[in-house]
Protein chains: 2
Amino acid sequence: MNPLNVGLLGFGTVGSGVWKVLNRNQNEISRRAGREIRITHVAARAEDGSFARAQEQCRSAVIVDDAMKIVRDPQIRIVCELIGGTTIARTLVLEAIAQGKHVVTANKALLAIHGTEIFAAAHEKGVMVAFEAAVAGGIPIIKALREGLTANRIEWIAGIINGTSNFILSTMRETGASFADVLREAQARGYAEADPTFDIEGIDAAHKLTIMAAIAFGIPMQFDKAFAEGIAKLSSDDIRYAEELGYRIKLLGMTRHVAGKGIELRVHPTLIPAKSLMANVEGAMNAVLVKGDAVGPTLYYGAGAGSEPTASSVIADLVDVTRMHTTDPENRVPHLAFQADKLSDTPVVPMAEIQSGYYLRLRVLDRPGVLAEITHILADQKISIEAFLQKEAASGETEVNIIILTHRAIEKNIYQALAKIEALETVKGKVTLLRMEDLQ
Amino acid sequence: MNPLNVGLLGFGTVGSGVWKVLNRNQNEISRRAGREIRITHVAARAEDGSFARAQEQCRSAVIVDDAMKIVRDPQIRIVCELIGGTTIARTLVLEAIAQGKHVVTANKALLAIHGTEIFAAAHEKGVMVAFEAAVAGGIPIIKALREGLTANRIEWIAGIINGTSNFILSTMRETGASFADVLREAQARGYAEADPTFDIEGIDAAHKLTIMAAIAFGIPMQFDKAFAEGIAKLSSDDIRYAEELGYRIKLLGMTRHVAGKGIELRVHPTLIPAKSLMANVEGAMNAVLVKGDAVGPTLYYGAGAGSEPTASSVIADLVDVTRMHTTDPENRVPHLAFQADKLSDTPVVPMAEIQSGYYLRLRVLDRPGVLAEITHILADQKISIEAFLQKEAASGETEVNIIILTHRAIEKNIYQALAKIEALETVKGKVTLLRMEDLQ
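Remember, predicted model here, so these are calculated numbers, not experimental data. Within each chain, residue numbers correspond to sequence positions counted from 1 in written order. Just so you know, chain letters begin at A and ligand numbers begin at 1, following the order they were written in. Restriction of local features to residues with pLDDT of at least 70 applies here, the model being predicted, together with a cutoff of 80 or more for giving and counting side-chain atom pairs; totals for whole chains, interfaces and linings are based on all residues.

Draft legend 1. Focus on the overall build of chain A. For chain A, the count of helices and strands is 15 helices and 16 strands. Considering only C-alpha atoms, chain A reaches an extent of 85 × 55 × 45 Å along its principal axes. Partly exposed residues are those whose C-beta has more than 12 but fewer than 20 other C-beta atoms within 10 Å; 20 or more makes a residue buried and 12 or fewer makes it exposed, with C-beta atoms placed from the backbone. Across the 440 residues that make up chain A, the buried fraction comes to 55%. For the purposes of this entry, the term helix denotes a DSSP run of H or I that reaches at least four residues, the term strand denotes a run of E that reaches at least two, and both are numbered from the N terminus.

Laid out in structure tokens, this is it:
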């Protein structure tokens, strides 16, 4: 089957990420989509250097400076709008729809403000406008809301959906520094833009919240009625006082259905219980908590921005569109994600060959030299120690518990070490073995 | 358009949840699916009382005791298998497929063991076998893996995917009680079954892990090669020692692609860093952490079992199948989840009308009676106080900070109270107002 041709509009952070991931993972992606997805054209601009970058990186694509050429090219089936903003992007997206092309976009401002117009046009033309990347970057929250939670009356959604603000708040809390100082640091490290207004004033979060509310409650986009209060006026005193009271302050987007009244739609700094999962979403990460009447609370967490995380969502949309055009509808999504004839028979690794960290608890005689013997055996098996804990002997007892945490090691080496350790005269009974993962 | 007819096999916890949620939310679900989904037949058994329950609750359905009758009924388009087990369920599912019916199932054991056979049969017949409810209950993790993360090479998945075990481990950690005692409590409270073997020995988690690994890596089901070690042998000492070292013990399902070696597939108690989000998944909740090469880590959290959470996933699958049979493919999933002609124009609630908890920081003269004046004003506006914090005056200063947390109140009442409070002679400057949400 021929590749599906995609035209990329914009070659900034996200555009170059899409190119890179699509090429790096072409094999997996084709096996899942049932067809190769190929970016044949890229629109970029000379002024910001993206044209030259695209020419250098995208050898197999045609690079143009007029995005409209791509939108009107009959060979292009999907237009991927990654320019941003609400003017040129709107014109291009509407024209692509008029040309009968599917559109994939990461543009939250465009959808929050002109979504109703765009979706109506797409519906009339029978084309898809996919926008997973517009909300919460790499987190598949749009899919969860539109397809995963369809059984539910959604009661409310609370989202940490602006990574820049969350990074600033996390850093203010950890360091006690002022908003202005942390913002400067965030700008220096590339976490905040030179003009950070959209991020720190809650506008960006309000765009994303508007889109989620529309999907959750089946209402039109109403960005103009969203309330947005940012984090610029927060003092580090308030962050500290909140902490003392058992709370943390997060920039939260809240939308809630209030029976008989309507929909709350608001973004503002919010105290939430310090022990909640949401309060522990730190740095530039995003998370969305959704309360459905049947499922209860569900939470979705991941990178809310960045080149490859956002590309992950853009490409998921490309695969969605491709699957629609490739297989018969019943087999649209293969049972095991990969097309049935593309499964690979990868072997399962035997337990002796796995790698993990280990927790070892030993009962040993409380006498000098015991630990030296044990560590010597571990070192012989190339097992290095990460941490060590010795519990004092209870009065009158001659045996103590020692606990050893190891760095990652091969499990069979652990087995061999344990056999030798358990054979020591100073070690009593079997060693308790637990595995350990850092989840990094 | 006619309703889509569904036959329900099994009327236990999940089956009755599906009936209940589908009927309660029929309006939302139809607006999303584009068509009514109607359970016309229910198969239940006299022996366990489910037949009588179904007769009482499902007045509009035909109740039968022979599930095969439903499977072979030409008017049924979708068979919903909620019986469980790997014998009768296998026969029914294969026969439903042979009859050209779509199947929705929550049966992890069936798929982990016979999935390859079942999916091959379904592929040949061109029918869907949907199984969101088979893994992690209400969390839409199958959809995330099959559709949301298609751009990624999945590196590993770590899941807390057995609620019973997680409840027992959480309780052991909180109370210091032994495994045996906590298990008894869990059985009494209905969190563990009379025969808890599948849960506490890691078998149930290994079923779910097998399914996720197949989807993530595009490999066949290989449950027979999965390693499963349960929590029955864990001592409360180990839980305490792990805590001292900065870790928590969770029953984790881990699957990882190891270059050149294959796929690790293992369930066992695992130490993970106490500060990680996964370590803070408590009680009977589930969470799955997925590491993709492009998106990085993403986490999915929610109820892993229970009547309505599991029903949420079953119905999401029913909507998926229905959408496939209702609209033209391009409009399969409506842009805003609800069919375009089914959007409702719900008003946005003005900020003055919202309800929230509030954090108020005031600077007041350090003199008797000040607090009484303030609390009096709040009470007049029907605002009750949840917590209160007074910071000592710095030496030489005559003003102190006081912080008040309120219970939920209407925002306009807060505005009115603040206007009066700021007019007090003893209150200096503006009151700082932040909102507060308990996320419950």
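Continuing now.
Draft legend 2. Expanded view of the domain arrangement of chain A. Residue and element names in this part refer to chain A. The start and end points of each domain follow an automatic or database-based domain assignment. The assigned domain composition of chain A is domain 1 (4-137 + 308-342), domain 2 (141-305) and domain 3 (351-436). Placing the centre of domain 1 and that of domain 2 at their C-alpha centroids yields a distance of 27 Å. Once C-beta atoms have been placed from the backbone, residue pairs whose C-beta atoms lie within 7 Å are recorded as contacts. Listed by partner, the interface residues are 15 residues for domain 1 and 19 residues for domain 2. Elements represented by at least two residues in the side of domain 1 that touches domain 2 include exactly α6 (108-125) and α13 (307-324). The element that contributes the greatest number of residues to the side of domain 1 that touches domain 2 is α6, accounting for 7 residues. Split by residue class, the side of domain 1 that touches domain 2 holds 9 nonpolar, 4 polar and 2 charged. For this classification, Asp, Glu, Lys and Arg are treated as charged, while Ala, Val, Leu, Ile, Met, Phe, Trp, Tyr, Cys and Pro are nonpolar and the rest, including Gly, are polar.

Draft legend 3. A look at the interface of chain A and chain B. On the chain B side, the residues contacting the 118 residues of chain A number 118 residues. For the side of chain A that touches chain B, the element with the most residues is strand β10 (residues 262-273) of chain A, which contributes 11 residues. For the side of chain A that touches chain B, the per-class residue count stands at 70 nonpolar, 24 polar and 24 charged.

Draft legend 4. The arrangement of the pairing of strand β10 (residues 262-273) of chain B in detail. In terms of burial, β10 of chain B is largely enclosed, as 10 of its 12 residues are buried. The sheet contact formed by strand β16 (residues 427-436) of chain A and β10 of chain B spans 2 bridges and is parallel. Within β10 of chain B, the position partnered with Met436 of chain A by the bridge is Leu271 of chain B. In short, DSSP must find at least two bridges between two strands for them to pair. Strand direction decides the pairing type here: strand β8 (residues 227-228) of chain B and β10 of chain B, joined by 2 bridges, are parallel. Bridge assignment links Ala228 of chain B to a residue of β10 of chain B, and that residue is Val267 of chain B. Of the strand pairs in this sheet, strand β9 (residues 247-258) of chain B and β10 of chain B are connected by 12 bridges, and their pairing is antiparallel. Within β10 of chain B, the position partnered with Ile249 of chain B by the bridge is Leu271 of chain B. In textbook terms, the turn of a hairpin is the stretch between consecutive antiparallel strands, and for β9 of chain B and β10 of chain B this stretch comprises 3 residues, one of which, Gly260 of chain B, has a positive phi near 80°.

Draft legend 5. Quick look at the sheet that holds strand β3 (residues 62-64) of chain B. All names here are of chain B. Overall, parallel pairing links the 6 strands, which are arranged β3-β2-β1-β4-β5-β6 in an open sheet. Of all strands in the sheet, those bounded by a partner on one side alone are β3 and β6 (129-130). Sheet topology places strand β5 (residues 102-105) next to β6; 2 bridges connect them, and they run parallel. Along β6, the bridge assignment pairs Val103 with Val129.

Draft legend 6. A look at the environment of Ile421 of chain B. All names here are of chain B. Position of Ile421 relative to the elements: it lies in helix α15 (residues 411-423). According to the C-beta neighbour criterion, Ile421 is buried, with 21 such atoms within 10 Å. For the pair Ile421 and Ile374, spaced 47 residues apart in the sequence, the C-alpha separation amounts to 6.3 Å. Beyond its immediate stretch of four places on either side in the chain, Ile421 contacts Leu362, Ile374, Ile377, Val427 and Val431.

Draft legend 7. Looking closely at the relation of the copies chain A and chain B. To superpose the copies, least squares is applied to the C-alpha atoms of every residue with a pLDDT of at least 70 in both. Each copy of the sequence occupies a distinct position, and chain A is placed on chain B by a rotation of 180° and an axial shift of 0.0 Å, giving an RMSD of 0.0 Å. Such values leave the two copies arranged in the relation of a two-fold axis. Rotation axis and chain A: the residue whose C-alpha lies nearest the axis is Tyr300 of chain A, separated from it by 2.4 Å. Take the interface residues of chain A: 100% of them recur as interface residues in chain B, which is what a same-surface contact looks like.

Draft legend 8. Structural detail: unusual backbone geometry. Of note, Ala337 of chain B is a non-glycine position whose phi angle comes to about 75°, a positive value. For Ala337 of chain B, the location among the structural elements is in the loop between α13 (307-324) and β13 (355-365).

Draft legend 9. Layout of helix α2 (residues 26-33) of chain A. Residue and element names in this part refer to chain A. Looking only at α2, the buried set comprises Glu28, Ile29, Ser30, Arg32 and Ala33. Buried residues belonging to α2 abut α1 (13-24), β2 (37-43) and α13. Directly after α2, the chain includes Gly34, whose backbone phi takes a positive value near 85°.

Draft legend 10. Broad picture of the sheet that holds strand β6 (residues 129-130) of chain A. All names here are of chain A. Reading across the sheet, the 6 strands line up as β3-β2-β1-β4-β5-β6 and stay open at both edges, with parallel pairing between neighbours. Taken across any chain shown, the strands that pair with only one partner, and hence form the sheet edges, are β3 (62-64) and β6. In terms of strand pairing, strand β1 (residues 4-9) meets β2 through 6 bridges, oriented parallel. Bridging from a neighbouring strand, Leu9 pairs with Ala43 of β2.

Draft legend 11. Fine view of the confidence of the model for chain A. By definition, pLDDT measures how confident the predictor is in each residue, and it falls between 0 and 100. Overall, the prediction assigns chain A a mean pLDDT of 94, with 99% of residues at 70 or greater. Overall fold confidence (pTM) sits at 0.96, and the ipTM for the predicted complex is 0.96.

Draft legend 12. Fine view of the environment of Ala96 of chain A. All names here are of chain A. On the secondary structure map, Ala96 appears in helix α5 (residues 88-98). Judged by the 30 C-beta atoms lying within 10 Å of it, Ala96 falls in the buried class. With residues up to four places along the chain from it excluded, the contact list for Ala96 reads Val71, Val79, Lys101 and Val103.

Draft legend 13. Focus on the nonpolar core. Any nonpolar core is a set of buried residues, restricted to Ala, Val, Leu, Ile, Met, Phe, Trp, Tyr and Cys, that join up through C-beta atoms within 7 Å. With 310 residues, the main nonpolar core has Leu8 and Ile315 of chain A together with Leu8 and Ile315 of chain B as its most contacted residues. Not counting residues up to four positions away in its chain, the partners in contact with Leu8 of chain A are Gly15, Val18, Trp19, Ile39, His41, Val42, Ala43, Cys80 and Leu82 of chain A.

Draft legend 14. Structural context of the packing of helix α8 (residues 163-175) of chain A against helix α9 (residues 179-188) of chain A. All names here are of chain A. Here the axes come from fitting lines to C-alpha atoms, over the contacting stretch only for helices, and the angles between their N-to-C directions go from 0 to 180 degrees. Across the interface, α8 lies against α9 with an axial gap of 9 Å and an inter-helix angle of 125°. Taken together, the axes of α8 and α9 are oblique relative to one another. In terms of crossing hand, the pair formed by α8 and α9 is right-handed. Judged by residue contacts, Thr164, Phe167, Ile168, Thr171 and Met172 of α8 engage Phe179, Val182, Leu183, Glu185 and Ala186 from α9. Looking at side-chain class alone, the contact of α8 with α9 contains 7 nonpolar, 2 polar and 1 charged residues. Relative orientations are named as follows: roughly parallel for angles under 35 degrees, roughly antiparallel for angles over 145 degrees, roughly perpendicular for angles from 65 to 115 degrees, and oblique for any other angle. By convention the crossing between two helices is left-handed if the near helix lies anticlockwise of the far one by an angle smaller than a right angle, and right-handed if it lies clockwise.

Draft legend 15. Just the packing of helix α14 (residues 370-380) of chain B against α15 of chain B, in detail. Residue and element names in this part refer to chain B. Two elements in contact, α14 and α15, have axes whose closest approach is 9 Å; the angle formed by their N-to-C orientations is 155°. On the basis of the axis angle, α14 is roughly antiparallel to α15. Crossing handedness for the pair α14 and α15: right-handed. Residue-level contacts link Ile374, Ile377 and Leu378 of α14 to Ala417, Lys420 and Ile421 of α15. Partitioned by chemical class, the residues of the contact of α14 with α15 number 5 nonpolar, no polar and 1 charged.

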